[in-house]
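Per-entry structural report
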Amino acid sequence: MLTQVKCSSCGRENKITTYQSINVKDNPELKGNVKDGSLFVWQCPNCGQMNLAVYQTLYHDPEERLMIWLLPDGGMPDAELSAVEKHLEAIAGQMGSEEGGLEGYVLRRVSDVGSLIEKVNIHDAGLDDAVMEMCKYITKMELAEKESNKDRAKAIADAPFKFYKMDGADNDITFSYPFDGQMQGVQIGFNVYEDCRGILQRNPSARPGAGFTKVDAEWLATRMR
């Protein structure tokens, strides 16, 4: 659909193509555009400024049984969120009916494009995003403990870590995070992931609930109280 947007630099209004839903089985080319972020970036024809297109959409990969609801922060009053989520789950059920319904689906909700990209990358790597949140937390704490400067340690602990890749013969996992004005990277062994997965397997009540759950650092904090 066409959506009217305003350039962040010159203020000129333009119409761009946005997607209420992204079905990568029907439109496989869109998956790459989601993963590199290009689906959410547009260039102003007046001044050339690159802008981020912020809008709500449902990412659906029927073959991987994955649905991710992108709902930008402030995009909906809290009072309406529950009703809309139930409506969206009903729509999701219809969309997944040809694939045997929603049984076995991973349903997630994110508030920004970066988190949508990360969820897709985690799933594509065959990993569990809930386990990954625990890995991020442990990695942050270990890095912060090694930092003697309290302010720098706090900056590391507060930094938004993102899954970047898993590679190598040992399936090492790399996280990226902003620090000192630059993007940094840190690598952990797959044994850390296995340890965290074991913790969640022994504590099934800590797993994400039904529906479009928002699985992030705030979610993990509620499970660690």
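The present account deals with the structure reproduced in this document.

Reading the values: rules and limits
- Residues numbered from 1 in each chain as written.
- Predicted model: local features only at pLDDT ≥ 70, side-chain atom pairs only at ≥ 80, totals over all residues.
- Heavy atoms only, no water.
- Helix = DSSP H or I, 4+ residues; strand = E, 2+ residues; numbered from the N terminus.
- Buried < 20%, exposed > 50% of the residue type's maximum accessible area, 1.4 Å probe, protein only.
- Polar contact = N/O pair within 3.5 Å; in protein donor to acceptor, adjacent residues only side chain to side chain.
- Expected span 1.5 Å × (residues − 1).
- Disulfide = S-S within 2.5 Å.
- Patch = residues over 30% accessible without salt bridge, like charges linked within 9 Å, V, L, I, M, F, W, Y side chains within 5 Å.
- Areas by Shrake-Rupley, 256 points an atom, 1.4 Å probe, with all protein chains shown as cover.
- Salt bridge = Lys/Arg side-chain N within 4 Å of Asp/Glu carboxyl O.
- Pairing = 2+ DSSP bridges.
- Axes fitted to C-alpha atoms, helices over the stretch in contact; angles between N-to-C directions.
- Phe/Tyr/Trp six-rings, centres within 6.5 Å; stacked < 30°, edge-to-face > 60°.
- Contact = heavy atoms within 4.5 Å.
- Core = buried A, V, L, I, M, F, W, Y, C linked by side-chain atoms within 4.5 Å.

1. Brief notes about the side chain of T57
Structurally, T57 is set in strand 6 (residues 57-61). Judged by its relative accessible area of 2%, T57 falls in the buried class. Among the polar contacts listed, one links the side chain of T57 to the backbone oxygen of Q20, at a separation of 3.4 Å.

2. Description of helix 4 (residues 129-146)
With 18 residues, helix 4 should reach 26 Å at 1.5 Å per residue; the first-to-last C-alpha distance of 26 Å fits that figure. Within helix 4, burial applies to D129, A130, V131, M132, E133, M134, C135, K136, T139, K140 and A144.

3. A look at the state of the cysteines
Tallying each qualifying case throughout the model produces zero disulfides. In this structure C47 is a free cysteine whose sulfur lies 3.6 Å from that of C7, the closest cysteine sulfur available. C47 sits in the partly exposed class, given a relative accessible area of 38%.

4. A look at a nonpolar patch on the surface
A contiguous nonpolar surface patch, about 370 Å² in accessible area, is contributed by V41, M50, L52 and V54. Summarising the element assignment, V54 is placed in the loop between strand 5 (50-52) and strand 6. Residue classification places V54 among the exposed residues on the basis of a relative accessible area of 57%.

5. So, the sheet that holds strand 11 (residues 182-188)
With antiparallel pairing, the three strands of this open sheet are ordered in space as 9-10-11. Bordering the open sheet on either side are strand 9 (162-167) and strand 11, each of which pairs with just one other strand. Taken pair by pair, the neighbouring strands of this sheet meet at an average axis angle of 30°, ignoring direction. Relative to strand 11, strand 10 (residues 172-179) runs antiparallel, the two sharing seven bridges.

6. Quick word on the packing of aromatic side chains
Where two aromatic rings form a pair, the distance of their centres and the angle of their planes describe that pair. A complete count under the given rule lists six aromatic pairs for this structure. Between F190 and Y193, the ring centres sit 5.2 Å apart and the planes meet at 25°, which makes this aromatic pair stacked. Of this pair, F190 and Y193 are both found in helix 6 (residues 190-202), three residues apart, which corresponds to roughly one turn of the helix. Of the two residues examined, F190 and Y193, each falls in the buried class. Taken together, the ring pairs connect F161, F175, Y177 and F179 into an aromatic cluster.

7. Section: the sheet that holds strand 8 (residues 106-110)
Ordered in space as 3-6-7-8, the four strands form an open sheet in which the pairing is mixed. The sheet terminates laterally at strand 3 (21-23) and strand 8, the two strands that pair on one side only. Here the strands of the sheet are splayed against their neighbours by 15° on average, with no regard to which way each runs. Here strand 7 (residues 66-70) runs beside strand 8; their pairing, made up of five bridges, is parallel. Among the inter-strand pairings, M67 is bridged to a residue of strand 8, identified as L107. Each of strand 6, strand 7 and strand 8 touches helix 3 (residues 113-124); the most contacted strand, strand 7, lies at about 170° to it.

8. Observations regarding the nonpolar core
Core analysis: the largest hydrophobic core is formed by 25 residues, its most contacted members being L127, M132, C135, I173, F175 and Y193. Ranked by residue count, the leading element in this core is helix 4, at five residues. Beyond its immediate sequence surroundings of up to four residues, Y193 is in contact with L127, D128, V131, M132, C135 and I173. Counting 22 residues, the second largest nonpolar core, distinct from the first, contains L39, C44, V110 and V113.

9. Here's the deal with the pattern of salt bridges
Tallied over the full model, the rule gives 13 salt bridges. Of the charged contacts in the structure, one is a salt bridge between D61 and K31, with a shortest N-O distance of 3.5 Å. One end of the pair, D61, is in strand 6; the other, K31, is in helix 1 (residues 29-35), and 30 residues separate them in sequence. The partner of D124 in a salt bridge is K35, and the shortest N-O contact between them spans 2.9 Å. A residue pair is termed long-range when its members are at least 10 positions apart, and D124 in helix 3 and K35 in helix 1 qualify at 89 residues. On the basis of relative accessible area, D124 is assigned to the partly exposed category, the value being 32%. Relative accessible area serves as the criterion here: at 31%, K35 is assigned to the partly exposed category. Here the residues in one salt-bridge network are K31, K35, D61 and D124, joined through shared partners.

Nothing here speaks to function; it is all geometry.
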